Amino acid sequence: MKPPKSASKGQRNPSKIEERDLESLPPLHLNAAGIDVGSAEHYVAVPAARDPQPVQKFGSFTGDLHRLAGWLKACRVDTVVMQATGVYWIGLYQVLEDYGFDVQVVNARHTKTLPGRKTDVQECQWLQQLHTFGLLNHSFRPAEQIRILRSYLRQRENLVAAGSTCIQHLQKALTEMNVQLANVISDLSGTTGMAILHAIVKGERDAYKLADLKHSLIRASREEIAQSLQGNWREELLFVLQQNLELYEVYQKKVRECDQQIEAHLKTMPAMVNVSEHPIPPPRRVSWSRKRQPGFDLRGELYRLTGVDLTQVDGLDVQTIQTVLSEVGLDMSAWKTEKHFGSWLGLSPDNRISGGKVLKRGTRKVVNRAATALRLAAWNLIPARALWEPNSAACALAWGLPKLSPPWPIIWPGWSTAC
C-alpha cells in the first residue's frame, strides 16, 4: 500500500488552518468615524443614527478642521480612521489628536482594490464601516518626541543630498575645463579639494601653487596634482564653479545648524541609563568614514537614550543608529514579535503562491528609511565573516530577521527576545 502523498511545496498545512465563524462578526468600534482625506476638502462619515446628515464635507483650513473635530465630538465619536494620502492627513491628524480622539491611519492599498466605492462619500462610509468591525490595520506612527527627531534628521538628509549634488556639479565644471583634479584626489569636498577650489575661484591659475595646497595625507605627488590642474579656464564654467562652491558652503552651514537642533532635542529626551554610574564602553575601531558625522558626541547621547551601546554591533555606526531610532523609536510594543517587525521593514518573504506552486519570490516593495539603513549596515561588512555567521546581527539585518533562530542577537533595546 502506497503511503499518502505529502502536501506539495507551497501548500498550507491543513492542521494549521484556523476555523472562523463568519456569521458572528461583532462590531468592535461602535463610535467610529471614517474620513476620506483630500488636499482641499475632507469627507467625514459617522454612524447613521448620530446625525441627520451622517456624511459631511469640511475644508482643509485650520478653522475647518476644528469645526470637523467639534462635529465629531457632538456625534459622540471616539475613534477615527483615515487613509494616508500624501502629507494632507498630517494636519488633520494633529488636530484630532489634540481633541483626544483615537486616530488611526491606514494604508490605502488595503482598500483600493475593492470594487465600487469610487466617490468620496462612498469611500468615507466604507472606511467607517470597516473600522467599526475592526477590519483595518492602522499604520505605525512613533511618539511625538521621535517624530520631532525624525523631522530634523530628514531635513539633514535633504541638505546633505543637496550638498552632494553641488559637488557633482563642481566636478562636471572641472571636467568640462579638462581639469582632472578628481582623478588624483578621491574627494573634492575634502581639505585639499576645498582649498584648491577656493584658490581657483579667487583667481589662482598657477598649477604648482595650487598643488602646494595639498594635505600631507594625499598620496598623489605635487607633480601629478599640478598636471591634473592644467586645463581651459573658461569664464562661464568658472562662474558655475563659483556658484556651486558657494551653495555647497551654504548647505554645510545649514547641516551644522541641523546638528545643533538635533543635539538640543536629544538632550530633552529621557535617559535610559545613568551615565555617571554606568559610563559608556570604549569605542570600537571602525573602518567607516567619520566625515559626515555630526559635530557633537552623538554616540554618548544615543547610549544615554537607549541604555545600550549599539555601536558594538557589527556594521552599526552612530548615523545608522540615529536613523533607525528616528524612524522606529524605543518602544517596540507596536509589533507583536520580531517577525512582525521584519515584515514592517519589508525584509520578510512575500511569495506569490497559486495552485500549490510558488509563482514569484521576493519581498514587498517598502520605502522605509530604517530598512535601508539596516541593509547598508549589513552590506558594509562584506566580505567580513560576520555577515555569513548564522547567528550574527549582520546576517539578521541582511537577510531578514525571521530567518534566524534563537538565541537572537542584540538588535534593539525593548525586545525581550533580542536582549
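The preceding data block contains the structure.
Keep in mind it's a predicted model, so treat the numbers as computed, not measured. (Residues numbered from 1 in each chain as written. Predicted model: local features only at pLDDT ≥ 70, side-chain atom pairs only at ≥ 80, totals over all residues. Heavy atoms only, no water.)

(A) Highlighting the packing of helix α4 (residues 144-176) against helix α8 (residues 235-268). It is at 8 Å that the axes of α4 and α8 come closest, and there the two elements cross at 160°. Classified by the angle between their axes, α4 and α8 sit roughly antiparallel to one another. The handedness of the crossing between α4 and α8 is left-handed. Taken together, the residues of the contact of α4 with α8 break down into 23 nonpolar, eight polar and four charged. (Axes fitted to C-alpha atoms, helices over the stretch in contact; angles between N-to-C directions. Helix = DSSP H or I, 4+ residues; strand = E, 2+ residues; numbered from the N terminus. Parallel < 35°, antiparallel > 145°, perpendicular 65-115°, else oblique. Left-handed = near helix turned anticlockwise from the far one by under 90°. Nonpolar A, V, L, I, M, F, W, Y, C, P; charged D, E, K, R; others polar.)

(B) The arrangement of the sheet that holds strand β5 (residues 102-106) in detail. Pairing is mixed in the open sheet, where five strands are placed in the order β3-β2-β1-β4-β5. Both outer strands of the open sheet, β3 (55-59) and β5, are each paired with one neighbouring strand and no more. Each strand axis lies, on average, 25° off the axis of its neighbour in the sheet, ignoring direction. In this structure, strand β2 (residues 41-45) lies alongside β3, joined through five bridges in antiparallel fashion. Note that in β3 the partner of His 42 across the bridge is Phe 58. Of the strands in this sheet, β1 (32-36), β2, β4 (79-83) and β5 are in contact with helix α2 (residues 88-98), which crosses β4 at around 175°. (Pairing = 2+ DSSP bridges. Contact = heavy atoms within 4.5 Å.)

(C) Layout of unusual backbone geometry. If you check the backbone angles, Arg 76 has positive phi at about 60° while not being a glycine. Along the polypeptide, Arg 76 turns up in the loop between α1 (62-74) and β4. Judged by its relative accessible area of 52%, Arg 76 is exposed. Phi angles above zero are rare outside glycine, and Asn 178 is one such case at about 60°. (Buried < 20%, exposed > 50% of the residue type's maximum accessible area, 1.4 Å probe, protein only.)

(D) Molecular detail of the pattern of salt bridges. One pass over the structure, following the stated rule, counts 14 salt bridges. The closest approach of N and O atoms between Lys 254 and Glu 257, which form a salt bridge, is 3.7 Å. With a gap of three residues between them, Lys 254 and Glu 257 both fall in helix α8, about one helical turn apart. Residue class for Lys 254 comes out partly exposed when judged on its relative accessible area of 34%. Across the salt bridge formed by Arg 304 and Glu 301, the nearest N and O atoms sit 3.0 Å from each other. Placement of the pair is Arg 304 and Glu 301 together in helix α9 (residues 298-306), with a separation of three residues, close to one helical turn. Residue Arg 304 is classed as buried on the basis of its relative accessible area, which comes to 16%. Relative accessible area serves as the criterion here: at 10%, Glu 301 is assigned to the buried category. (Salt bridge = Lys/Arg side-chain N within 4 Å of Asp/Glu carboxyl O.)

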